[in-house]
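Next come the chains, spelled out residue by residue.
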Amino acid sequence: MAVSTRYETIIGIEVHAQLRTESKMFCSCATAPPPGEKDEPNTRTCPVCMALPGTLPVINRKAVELVMLTGLALDCEIQTAAVRFERKNYFYPDLPKGYQISQYALPLCANGRLEVPVPAEETSVSIGITRAHLEEDTARLQHGGRGYSLLDFNRAGVPLMEIVTEPDVRSPAQARAYGETLRDILRYIGASDGDMETGSMRIEGNVSLRPIGTDAFGTKVEVKNLNSFRSLERAMEFEVARQADALERGERLVQETRGWHETEGRTMTQRAKEEANDYRYFPEPDLPPLRPSEEWVARLRASLPELPAARRARYVDGLSLSAYDAEVLTADLALADYFDAVVAAGIAPKSAANWVTGEFSRLLNQHAAEGLRSSAVGLRPAGLAELISGVEGGKVSAANAKTVLAEVFATGESPKAVVDRLGLQQVGDAESIGAEIEAVMAEFPSQVAEYRSGKPQLFGFLVGQVMKRTAGRADARLVNDELRRRLEE
Amino acid sequence: MINRSDVEHVARLARLGLTDEEIDRLVPQLSRILEAVGKLSAVDTSSVGPTAQVIALENVMRDDVARPSMSREAALAEAPIREGGLLRVPVVLEEGR
Ligand SMILES: [Zn+2]
């Protein structure tokens, strides 16, 4: 299906993100099993989140703050009039109360904006944020395909934030870039893990097309079941092509919800919207209203950390890093913090970036399977800084420094201990290197003679022999200088 | 007032399967109930703001501290059918949300 150039793509995006709290939205059940323990179904419930009669919800302050913090990061207006929670009524087995406590008429945050870099289009776009509000997650329903479903209420009542954009997204690549940019922000401010694979972040795309030059929106299709940012982009691409194709053939599109099928690479009808949803929202009588004070909002605003975009700008403009290095570093908050600490320990930014994005990241990824993250690595930034200083001061060769780093990752020793244990201190004095060179020249007299009679390519061979004798510990620059001086004598 | 399709709509939202006879009976019944409640419309409320709650409380919140939950046995004690640690329900088609 070729995408027609006669239509403009209109996409709006809805994100649901589980908030990073210890306890649920309206009760004190934990949101996750204790560290290191398996998540056993139906072990984190109580009369409140199981909707037993006579129970009352109490608002989790941290969840409210995380939504406001998100709103501030997205340039939203924070509601300081009374905020109401409302009941969204529908019957479904994953909803113990028969309604979800959500926000409708007055969301906590509204009218924001997010600047999204879109590398694929070599541009950046400004996406309007309609609203960000607070609600609660549903239970987890497993469809067994055996005529029945299975329910786990551990997730029921986990704080959930919904973030809705204006229909400002104009391409599948922009949709993906928006999702990734938003995820980075949520992680930076500690609002959510933002993990699409585990479902702590869920995305839906609303897609429609309209003939270029017209204002009215076309028929909107909602796409669900997107398990990665790549799926989001692929699903949007498929849907744009499908709709353009249908319009070209003069077919009428139906407003519906379609599910993305990853393996088949296409969207399929899940549910046609024959009748409009009828949620019968009304104010939650069990919760007193929330009225965020100006001081509270100001305090949160002051606590907002440096966001990824600002950090990238600081790295490029302030530290003269390349855009690429800045991008790699800021994509992972822990990595960016690690880099900052290495720089703070006195290493030049360019050099610190090379090591942190290079060898350090490579080893980090290699050990990723063991659950190692830059925040959990035994090698503290000061240790890496010491190693880099060693290389730059000629105490350890660059090649050996990589060996040291790998050992540090494997054993958890300090770089200095590894250098001592493996005897990797660089041989850097002209005298001992001179002795090794003399020995090599004595061992290979014919090669020395050939070099002197005009075969410069033998220089590399002789350097190699010196390095071999010193087990790679010789300062390469010094070996070059000293060897050339002796051969030219 | 209330007609057949209103009753059918409300029944669908409540996941109730009503027979034709039940619908026949419910149309006038629900109409009478609405009529009774509708008498409130006669009260002059022009000077009263919309009220969702009468207790003068605001910003009632708790700290984000996790406490022990119920045991799984207690949580599933009333479940009609269980499968392992899970509660078993009939398949419901994704509808209405
Ligand atoms: Zn609970």
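Notes on the interface of chain B and chain A
Here is step 1 of the chain: In this assembly, 37 residues from chain B lie in contact with 60 residues from chain A.
Here is step 2 of the chain: Surface buried jointly by chain B and chain A totals about 4200 Å² across both partners, of which 51% is contributed by carbon and sulfur atoms.
Here is step 3 of the chain: The tally of links from chain B across to chain A stands at three salt bridges.
Here is step 4 of the chain: The closest approach of N and O atoms between Arg61(A) and Asp63(B), which form a salt bridge, is 2.4 Å.
Here is step 5 of the chain: Summed over the shared surface of chain B and chain A, the number is 23 residue pairs in polar contact (both at pLDDT 80 or more).
Here is step 6 of the chain: Put simply, the parts of the chain that give the side of chain B that touches chain A at least two residues each are helix H1 (4–13), strand S1 (61–62), helix H3 (72–76) and strand S3 (86–90) of chain B.
Here is step 7 of the chain: Sorting elements by how many residues they give to the side of chain B that touches chain A places S3(B) first, with five residues.
Here is step 8 of the chain: Its residues placed into classes, the side of chain B that touches chain A shows 18 nonpolar, six polar and 13 charged.
Here is step 9 of the chain: Sheet analysis places strand S2 (residues 59–60) of chain A next to S1(B), joined by two bridges and oriented parallel. By the bridge assignment, Asn60(A) is partnered in S1(B) with Arg62(B).

Concerning the confidence of the model for chain B
Residue and element names in this part refer to chain B.
Here is step 1 of the chain: Looking at chain B as a whole, its pLDDT mean stands at 89, while 95% of the residues score no less than 70.
Here is step 2 of the chain: Confidence scores differ between elements of chain B, with H1 showing the lowest mean pLDDT of 91 and S1 the highest of 98.
Here is step 3 of the chain: Predicted complex, confidence summary: ipTM 0.89, pTM 0.82.

Some details on the coordination of the zinc ion
All names here are of chain A.
Here is step 1 of the chain: Every protein donor of the zinc ion is accounted for by Cys27 (SG), Cys29 (SG), Cys46 (SG) and Cys49 (SG), and the metal-donor separations fall at 2.3 to 2.4 Å.
Here is step 2 of the chain: Of note is the zinc ion, whose four donor atoms meet at the metal with angles of 101 to 116° in an arrangement that counts as tetrahedral.
Here is step 3 of the chain: Mapped onto the sequence, the donors of the zinc ion take the spacing C-x1-C-x16-C-x2-C. Of this pair, Cys27 sits in the loop between strand S1 (7–18) and S2 while Cys46 sits in the loop between S1 and S2, and the two are 19 residues apart along the sequence.
Here is step 4 of the chain: Judged by relative accessible area, Cys27 falls into the buried class, the value being 5%.

Here we look at the sheet that holds strand S4 (residues 86–89) of chain A
The strands making up a sheet associate through hydrogen bonds between their backbones, and the pairing can be parallel or antiparallel.
Residues and elements named next belong to chain A.
Here is step 1 of the chain: The antiparallel open sheet is built from three strands, whose spatial order is S5-S4-S15. Pairing within the sheet leaves two strands with one partner each, and these edge strands are strand S5 (99–102) and strand S15 (282–283).
Here is step 2 of the chain: Pairing between S4 and S15: two bridges, direction antiparallel. For Arg87, the partnering residue across the bridge sits in S15 and is Phe282.

Some words on the sheet that holds S3(B)
Here is step 1 of the chain: Ordered in space as S8(A)-S9(A)-S3(B)-S2(B), the four strands form an open sheet in which the pairing is antiparallel. The open sheet has two edge strands, strand S8 (140–143) of chain A together with strand S2 (82–83) of chain B, and neither has a second partner.

Looking at the packing of helix H6 (residues 323–330) of chain A against helix H8 (residues 349–366) of chain A
All names here are of chain A.
Here is step 1 of the chain: Close contact between H6 and H8 brings their axes to 10 Å; oriented N to C, the two are set at 55°. The angle between H6 and H8 falls in the class oblique. For H6 against H8, the interelement crossing comes out left-handed. Note on element contacts: H8 touches H6 through Lys350, Ala353, Asn354, Val356 and Thr357, opposite Asp325, Val328 and Leu329.

Points about the packing of aromatic side chains
Residues and elements named next belong to chain A.
Here is step 1 of the chain: Applying the stated rule across the entire model yields ten aromatic pairs over all chains.
Here is step 2 of the chain: Between the aromatic rings of Tyr451 and Phe459, the centroid separation amounts to 6.0 Å while the plane-to-plane angle is 40°, which identifies the pairing as tilted.
Here is step 3 of the chain: Relative accessible area serves as the criterion here: at 9%, Phe459 is assigned to the buried category.
Here is step 4 of the chain: Members of the aromatic cluster, connected to one another through ring pairs, are Tyr90, Tyr104, Tyr279 and Tyr281.

What counts, and where the lines are drawn
Residues numbered from 1 in each chain as written. Chains lettered and ligands numbered in written order. Predicted model: local features only at pLDDT ≥ 70, side-chain atom pairs only at ≥ 80, totals over all residues. Heavy atoms only, no water. Contact = heavy atoms within 4.5 Å. Buried area = accessible area lost by both parts, 1.4 Å probe. Salt bridge = Lys/Arg side-chain N within 4 Å of Asp/Glu carboxyl O. Polar contact = N/O pair within 3.5 Å; in protein donor to acceptor, adjacent residues only side chain to side chain. Helix = DSSP H or I, 4+ residues; strand = E, 2+ residues; numbered from the N terminus. Nonpolar A, V, L, I, M, F, W, Y, C, P; charged D, E, K, R; others polar. Pairing = 2+ DSSP bridges. pLDDT = per-residue confidence, 0-100. Donors = N, O, S within 2.8 Å, 3.2 Å for Na, K, Ca; no water. Tetrahedral: all angles 85-135°; square planar, octahedral: opposite > 155°, others 65-115°. Buried < 20%, exposed > 50% of the residue type's maximum accessible area, 1.4 Å probe, protein only. Axes fitted to C-alpha atoms, helices over the stretch in contact; angles between N-to-C directions. Parallel < 35°, antiparallel > 145°, perpendicular 65-115°, else oblique. Left-handed = near helix turned anticlockwise from the far one by under 90°. Phe/Tyr/Trp six-rings, centres within 6.5 Å; stacked < 30°, edge-to-face > 60°.

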